[in-house]
Amino acid sequence: MPRSNDTIALIATPLGEGGIGVVQVSGPQALEMAGKLFRSRRATSASGGLLPEIDLTKAQSGSLFYGTIHDSEGLIDEVLVSIWRANGGPTGGGLVEINCHGGIMAVQKTLEAFLKMGARKGKWKELLDGVAPVQEGLDLIQREALLLLPRAKTRLSVKMLLSQYQSAPGGLSHEVRKLGEEAKRIKEKLMGCDTPGVASAFHLLLSSLTALVNSSPFGLALVNPLKVTIAGAPNVGKSTLFNALLREDRVLVHHEPGTTRDYIIEFISIEGMPLELIDTAGLREAEGVEGVGVEWARALHQEADKVILMLDASRHITQEEEGLIGTLDTSKVVPVLNKIDLVGSRCPPEADALQLFSIPPCEVSALSGKGLDGLRRMLVKEFLPEIERGPHRPIVFTQRQKGLLEEALSVARGLPRDIIDCFTASEVCQKLDQLEKLLLGVLKE
Ligand SMILES: Nc1nc2c(ncn2[C@@H]2O[C@H](COP(=O)(O)OP(=O)(O)OP(=O)(O)O)[C@@H](O)[C@H]2O)c(=O)[nH]1
Ligand SMILES: [Mg+2]
């Protein structure tokens, strides 16, 4: 049984999941302890001097802060801290969530720092019993953002979710609420045959709703990293590319064909977009263990959102490779010609099969790194304009939101262009009512 005057600390995300780990601290001393370990980003002025610390014990409930967490030995990690002050929390008092970026070590060191300050190591049950009530008052979009924050894989994902978490302009909740109110206002004007300005207001509503729905591929990809497999014959340099994109020697590279037999998954970030990169066994007729690896590889390429098809620029395409190209969904293939360092001034081999792809192959040397920046950009090409526009605007980030907003958009598109005709008002008003309800449904459970 929890003791009511205890402050408890525990790791609230499964260890080893990667990305961000969350330490939760709750109880009467939670805010005070967190205040001692946390330094907000604003704590250092441009000249390097320390500005007054944010006092977490006085922070508003539901606020979030970006900064660093320190113990007596120095910096532990760059973190995101959320504060909840209510009678909730497993042992009463405040609740602090520290979202660490730095993997298992940072999460564990953060937990230890709280334990050293006198917090008791809590259990999962205590967390589940106590957390929900303190987060009341949030709408469903905000809850979704909060729930996804600990699993965000890149800083851009965190920033996007934080923006959507806010109920201020720039957040999805605010925008959806505004559009719902607008649908209602247009309906009321129509009912009163007060038509001036209605058509332009409706036009604006329609374009805002379209922009929201169009933001969903970007938002969803920030939350659910796209799966990118590396496909190709043995020895073309798949594992070398995997390591190069990861910027570490994660997998074995060898001149013998058939080196990779298993598949290996790691997360990478390109321009802030999280991607799940998968190295696979080289595709060829094989038996035994290698044959199993080849089967897995084929299944992974089928499931992937994108397939990097790697060919060796220093030799001609084989019949087996021609066959492989025929089995891939060409719309999701990013063709790559590797080992261009061996080609010198000679042109890389032309292949009719490469004409199948809508984009020309990226010419790279996975060994020297040449051409990899171009490949990186190619992998996130469709998101580049969205990345440019930044994360601080309303962005749809769950399938639930997307589904409801798409439905709302189709209702809005079904309305007559000339909405100002008040003789058809009752029919139009019904639709506007439906539109308003759908929009409000995005906010509520
Ligand atoms: N010159 C040159 N050699 C490369 C390049 N990329 C890879 N290699 C070499 O090609 C050989 C095979 O590389 P791997 O990365 O193991 O190839 P793989 O496609 O993963 O091979 P499997 O796992 O057997 O399917 C190694 O000797 C690499 O050093 C490159 O860009 N240029
Ligand atoms: Mg390999």
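Predicted model, so just to flag it, every value in this text is computed and none were measured. (Residues numbered from 1 in each chain as written. Chains lettered and ligands numbered in written order. Predicted model: local features only at pLDDT ≥ 70, side-chain atom pairs only at ≥ 80, totals over all residues. Heavy atoms only, no water.)

### A few points about the pairing of strand β11 (residues 306-312)
Next up, step 1: Counted residue by residue, β11 has seven buried out of seven residues, so it is predominantly covered.
Next up, step 2: Both faces of β11 are covered, namely the face carrying Lys306, Ile308, Met310 and Asp312 and the face carrying Val307, Leu309 and Leu311.
Next up, step 3: Judged from the six bridges that link them, β11 and strand β12 (residues 333-338) form a sheet pairing that is parallel. Bridge assignment links valine 307 to a residue of β12, and that residue is valine 333.
Next up, step 4: Crossover β11 to β12 through helix α11 (residues 319-327) is right-handed. (Buried < 20%, exposed > 50% of the residue type's maximum accessible area, 1.4 Å probe, protein only. Helix = DSSP H or I, 4+ residues; strand = E, 2+ residues; numbered from the N terminus. Pairing = 2+ DSSP bridges. Right-handed = clockwise from strand over helix to strand, strands pointing away.)

### Focus on the sheet that holds strand β9 (residues 264-270)
Next up, step 1: Ordered in space as β9-β10-β8-β11-β12-β13, the six strands form an open sheet in which the pairing is mixed. Of all strands in the sheet, those with a lone pairing partner are β9 and β13 (362-363), marking the two edges.
Next up, step 2: Running over the sheet, helix α9 (residues 238-246) touches β8 (226-232), β9, β10 (273-279) and β11 and is turned about 45° from β9.
Next up, step 3: Packed on one face of the sheet, helix α12 (residues 372-379) meets β8, β9, β10, β11, β12 and β13 and runs near 175° to β12. (Contact = heavy atoms within 4.5 Å. Axes fitted to C-alpha atoms, helices over the stretch in contact; angles between N-to-C directions.)

### Things to note about the packing of aromatic side chains
One pair of aromatic rings is described through two measures. These are the centre distance and the angle between the planes.
Next up, step 1: A complete count under the given rule lists two aromatic pairs for this structure.
Next up, step 2: Summarising the aromatic geometry, the rings of phenylalanine 218 and phenylalanine 383 are spaced 6.3 Å apart at their centres and angled 40° between planes, so their arrangement reads as tilted. In this pair, phenylalanine 218 sits in helix α8 (residues 216-223) while phenylalanine 383 sits in the loop between α12 and α13 (384-389), placing the two residues 165 residues apart along the sequence.
Next up, step 3: Considering the side-chain rings of tyrosine 263 and tryptophan 296, the 5.6 Å spacing of their centres and the 80° angle between planes classify their relative orientation as edge-to-face. (Phe/Tyr/Trp six-rings, centres within 6.5 Å; stacked < 30°, edge-to-face > 60°.)

### Looking at the site of ligand 1
Next up, step 1: Near ligand 1 you find 23 residues, and of these Lys238, Thr240, Gly258, Thr259 and Asp341 are the closest.
Next up, step 2: Contacts to ligand 1 include alanine 366, whose backbone N or O atom sits 3.1 Å from an oxygen atom.
Next up, step 3: Measuring from an oxygen atom of ligand 1, one finds a backbone N or O atom of leucine 367 at 3.2 Å.
Next up, step 4: Protein burial of ligand 1: of its 650 Å² of free accessible surface, 90% is covered by the chains.
Next up, step 5: Per element, the largest residue contribution to the shell around ligand 1 is three residues, and it comes from α9.
Next up, step 6: Its residues assigned to classes, the shell around ligand 1 shows seven nonpolar, 12 polar and four charged. (Near = heavy atom within 4 Å. Polar contact = N/O pair within 3.5 Å; in protein donor to acceptor, adjacent residues only side chain to side chain. Areas by Shrake-Rupley, 256 points an atom, 1.4 Å probe, with all protein chains shown as cover. Nonpolar A, V, L, I, M, F, W, Y, C, P; charged D, E, K, R; others polar.)

### Some remarks on the pairing of strand β4 (residues 64-71)
Next up, step 1: Here β4 lies mainly inside the structure; six of its eight residues are buried.
Next up, step 2: Taken together, the three bridges between strand β3 (residues 38-40) and β4 define a ladder with antiparallel strand orientation. Note on β4: the bridge partner recorded for phenylalanine 38 is isoleucine 69.
Next up, step 3: Bridging between β4 and strand β5 (residues 74-85) involves eight bridges; their strand directions are antiparallel. The partner of histidine 70 across the bridge, within β5, is leucine 75.
Next up, step 4: Hairpin connection between β4 and β5: a loop of two residues separates the two successive antiparallel strands.

### Structural notes on the pattern of salt bridges
Next up, step 1: Tallied over the entire structure, the rule returns 20 salt bridges.
Next up, step 2: One salt bridge in this structure joins glutamate 386 and arginine 389, with 4.0 Å as the shortest N-O distance. One end of the pair, glutamate 386, and the other, arginine 389, are both in helix α13, three residues apart, so they sit about a helical turn from each other.
Next up, step 3: Residue classification places glutamate 386 among the buried residues on the basis of a relative accessible area of 14%.
Next up, step 4: Judged by relative accessible area, which is 58%, arginine 389 ranks as exposed. (Salt bridge = Lys/Arg side-chain N within 4 Å of Asp/Glu carboxyl O.)

### Describing the confidence of the model for the protein
Next up, step 1: Chain-level statistics for the protein give a pLDDT mean of 82 and a share of 85% at 70 or above.
Next up, step 2: When the elements of the protein are averaged for pLDDT, helix α3 (residues 124-134) gives the smallest value, 50, and α8 the largest, 97.
Next up, step 3: For residues 130-134, every residue scores under 50 in pLDDT, and the model assigns this stretch 10 contacts once sequence neighbours within four places are set aside. (pLDDT = per-residue confidence, 0-100.)

### Remarks on the sheet that holds β4
Next up, step 1: The strand order across the open sheet formed by seven strands is β3-β4-β5-β6-β2-β1-β7, and the pairing between neighbours is mixed. Of all the strands in the sheet, just β3 and β7 (120-121) have a single pairing partner and so form its edges.
Next up, step 2: The pairing of strand β1 (residues 8-11) with strand β2 (residues 21-27) spans four bridges and is classified as antiparallel. Residue pairing across strands places leucine 10 opposite glutamine 24, the latter belonging to β2.
Next up, step 3: Along the sheet, helix α1 (residues 30-37) contacts β2, β3, β4, β5 and β6 (94-100); its crossing angle with β6, the most-contacted strand, is approximately 35°.
Next up, step 4: Set on the sheet, helix α5 (residues 155-165) makes contact with β4 and β5; between it and β5 the angle comes to about 20°.

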